[in-house]
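Working through the structure, step by step
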Amino acid sequence: MRKSLRDILVIGWLNGWVPLLRSWIWLVANSITPLSFLIVLAIYAGQRGLLWGLLGGLIWTVASNGISLIGDATFYRLEIKFQQMLVAAPVSPVAYALGLALSSLIFAAPAVIFYAVYLAVLGAFTALGALALTTALVMLWISTAGIGFAASTLISQMRYAWAVPSILTAVLSAMAPVYWPATVLPSQYLGVILPTGAAGVIGQSALGMVHYDPGVLIAAWISLATYTVAAFLLLAKVARWRQI
């Protein structure tokens, strides 16, 4: 158990902290889209738009970095054979997958801190609201990281590994109520089908931006918890050493 924890931390440091310091241009690249939405919303909708942009940026950043494990895991497996080198370490496949998941959280941390501090300065948080939003973001991280790693095992050519994360991130963040309320849908319950939508509904309620019925919030928590558990189970099932 102690060795597995150490392996997770080392891989998280190697794939998260080190690139954050040495390849900061990727942090800028990952932040361009949510920052663009933030600026447009702030210009056209004032402080209310600013709140939507900050919350959307939080969810987009966490989800995109989790999904981006598709590229990292595929690159390590196919190009530099890093995954194969770990077989002789020995490092368990699950510890490797969790280490990569941790690295995505580390890499997302600067942007997450920026959005969270900005929301705090605006006085958007209550104690319970901050706790609910933090819990939802952690569950979203686990869900998207699990999806990202599982998807990487299905990719056999690198040219798909960098395109698929961008497509999935756009789908998860644009087709779910992240930058818009679920109240515009024919049924608010449709908004919690995707993990990003569930996190969005919880976050919007936590910040007092939209008042949802209790049933919708319960459905959002159930949806996000289901994705989180499924991500753990899926990760444990697909996390295995592959030679190609």
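Residues numbered from 1 in each chain as written. Predicted model: local features only at pLDDT ≥ 70, side-chain atom pairs only at ≥ 80, totals over all residues. Heavy atoms only, no water.

1. Comments concerning the environment of F114
Here F114 shows up in helix α5 (residues 93-121). For F114, a relative accessible area of 40% gives the class partly exposed. Residues F114 and D72, 42 residues apart in the sequence, show an inter-C-alpha distance of 24 Å. Those residues in contact with F114 that lie beyond four places of it in its chain are L35 and L38. (Helix = DSSP H or I, 4+ residues; strand = E, 2+ residues; numbered from the N terminus. Buried < 20%, exposed > 50% of the residue type's maximum accessible area, 1.4 Å probe, protein only. Contact = heavy atoms within 4.5 Å.)

2. Looking at the nonpolar core
Here is a general trend for soluble globular proteins: nonpolar side chains tend to be buried in one another's company. In this structure, L100 and V201 are the most contacted members of the largest nonpolar core, which totals 55 residues. For this core, the element with the highest residue contribution is helix α2 (residues 24-67), accounting for 11 residues. Leave out the neighbours within four places in its chain, and V201 touches P177, A182, V192, Y212, V216, L217 and A220. In this structure, I70, A151, M158 and L172 belong to the second largest nonpolar core, which totals 8 residues. (Core = buried A, V, L, I, M, F, W, Y, C linked by side-chain atoms within 4.5 Å.)

3. A look at the packing of aromatic side chains
In this structure the tally under the stated criterion is 5 aromatic pairs. With 5.0 Å between their ring centres and 75° between their planes, F37 and Y179 make a pair best called edge-to-face. Of the two residues, F37 sits in helix α2 while Y179 sits in the loop between α8 (163-174) and α9 (195-206), which places them 142 residues apart along the sequence. Exposure remark for F37: the relative accessible area of 36% places this residue in the partly exposed category. (Phe/Tyr/Trp six-rings, centres within 6.5 Å; stacked < 30°, edge-to-face > 60°.)

Everything listed here is a matter of geometry and, on its own, says nothing about what the molecule does.
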